[in-house]
Amino acid sequence: MSSDRYWVIDVEGNGASPPEIVELAMIELSALVPTGKQFHWLVKPSQPIQPAVTRIHGLTDDDIADAPEIADIADEILTWTQNGRIIGHNVRVELETIQREIPEWKPVAAIDTLKLARSLKPGLDSYGLEKLGSFFGLIDEAARRTNRKHHSALFDAMLTALIFADLLMPLEQSAREDCLRDADVLFSRQSSFL
């Protein structure tokens, strides 16, 4: 894991498990800093947005009426992230959701900031994204950088990127590598012993 480039990814969905994507954001990180390269899409699902999920992320059918379908942006997602390393908060959601809709999408590493935070900051009352953002004092910075709020894919991706950096910044490089390996949900411990 010596490369220091990652894509922080967040999706908002339309219910189910895994959900259909209605919003997707990707932010590039290099040396723990957002590079300025980012992508953000509203995505039109095959079914109307469920009222229960609108209450969470605020997106309605009117918001996505003119949005592309996931097939229309799949090549761009693959171009930037295929065989790359991704970061997400509870990253399995992003993995399962995107792979359901783009089966050929295969990142080589998927770092979970939830696992990372539990390991590096034991004993917190909550490891939810917004609670961690408050703990680190990063909510306002994520809002400033995105002009959005919690449960927007772009805001959540930025907040995840900032938390990731705050967790790893104090560590020496070798300790970072160990933590990243432990937080990679795609890393197979068995293969490390072969």
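This text goes with the structure placed above it.
Residues numbered from 1 in each chain as written. Predicted model: local features only at pLDDT ≥ 70, side-chain atom pairs only at ≥ 80, totals over all residues. Heavy atoms only, no water.

1. Focus on the sheet that holds strand 5 (residues 109-112)
Picture the strands of a sheet paired through backbone hydrogen bonds; they go either parallel or antiparallel.
Then, in step 1: Here five strands make up an open sheet; going across it, the order is 3-2-1-4-5 and the pairing mixed. A single partner strand is all that each edge strand has here, and the edge strands are strand 3 (33-42) and strand 5. The sheet shows a mean angle of 25 degrees between the axes of neighbouring strands, taken without regard to direction.
Then, in step 2: In this structure, strand 2 (residues 21-30) lies alongside strand 3, joined through seven bridges in antiparallel fashion. Note that in strand 3 the partner of L24 across the bridge is W41.
Then, in step 3: Packed on one face of the sheet, helix 7 (residues 153-168) meets strand 1 (5-13), strand 2, strand 3, strand 4 (85-88) and strand 5 and runs near 30 degrees to strand 2. (Pairing = 2+ DSSP bridges. Helix = DSSP H or I, 4+ residues; strand = E, 2+ residues; numbered from the N terminus. Axes fitted to C-alpha atoms, helices over the stretch in contact; angles between N-to-C directions. Contact = heavy atoms within 4.5 Å.)

2. Description of the layout of surface pockets
One simple way to see leftover space: roll a probe sized like a water molecule over the atoms.
Then, in step 1: Size it by volume and the largest pocket reaches roughly 430 Å³.
Then, in step 2: D10, V11, E12, V93 and H151 are, among the 18 residues lining the largest pocket, the residues nearest its centre.
Then, in step 3: Looking at the lining of the largest pocket, the elements that each hand over two or more residues are strand 1, helix 1 (51-57) and helix 3 (92-101).
Then, in step 4: A breakdown of the residues in the lining of the largest pocket according to their chemical character gives six nonpolar, eight polar and four charged. (1 Å grid on protein atoms, 1.4 Å probe; cavity = no way out; pocket = protein on both sides within 12 Å on 5 of 7 lines; lining within 4 Å. Points joined across faces, edges and corners; volume = space filled by probe spheres on them. Nonpolar A, V, L, I, M, F, W, Y, C, P; charged D, E, K, R; others polar.)

3. Things to note about the side chain of S152
Then, in step 1: Position of S152 relative to the elements: it lies in the loop between helix 6 (139-146) and helix 7.
Then, in step 2: By relative accessible area, which is 9% here, S152 ends up buried. (Buried < 20%, exposed > 50% of the residue type's maximum accessible area, 1.4 Å probe, protein only.)

4. Concerning the nonpolar core
The tendency in soluble globular proteins is for nonpolar side chains to be buried as a group.
Then, in step 1: Counting 33 residues, the largest nonpolar core has I163 and F164 as the members making the most contacts within it.
Then, in step 2: Those elements that place two or more of their residues in this core are strand 1, strand 2, helix 4 (113-120), helix 5 (129-136), helix 7 and helix 8 (173-183).
Then, in step 3: It is helix 7 that provides the largest number of residues to this core, a total of 13 residues.
Then, in step 4: When sequence neighbours within four positions are dropped, the list of residues in contact with F164 reads Y6, L29, L32, I87, I111, T113, L116 and L180.
Then, in step 5: Core analysis: the next-biggest nonpolar cluster, separate from the first, contains 22 residues, I9, W41, L95 and A110 among them. (Core = buried A, V, L, I, M, F, W, Y, C linked by side-chain atoms within 4.5 Å.)

5. Some thoughts on the pairing of strand 5
Then, in step 1: Here strand 5 shows a buried face lined by A109 and I111 and a second buried face lined by A110 and D112.
Then, in step 2: Alignment of strand 4 against strand 5, held across four bridges, turns out to be parallel. Of the residues in strand 5, the one forming a bridge with I86 is A110.
Then, in step 3: In this fold, strand 4 hands off to helix 3, which returns the chain to strand 5; that crossover is right-handed. (Right-handed = clockwise from strand over helix to strand, strands pointing away.)

6. Thoughts on unusual backbone geometry
For residues that are not glycine, phi is negative in most cases, and the peptide bond is trans in most cases.
Then, in step 1: The backbone of L32 shows a phi angle near 70 degrees, a positive value even though the residue is not glycine.
Then, in step 2: Along the chain, L32 falls in the loop between strand 2 and strand 3.
Then, in step 3: Phi angles above zero are rare outside glycine, and N90 is one such case at about 60 degrees.
Then, in step 4: As for its placement among the helices and strands, N90 is situated in the loop between strand 4 and helix 3.
Then, in step 5: Owing to a relative accessible area of 34%, N90 belongs among the partly exposed residues under this scheme.

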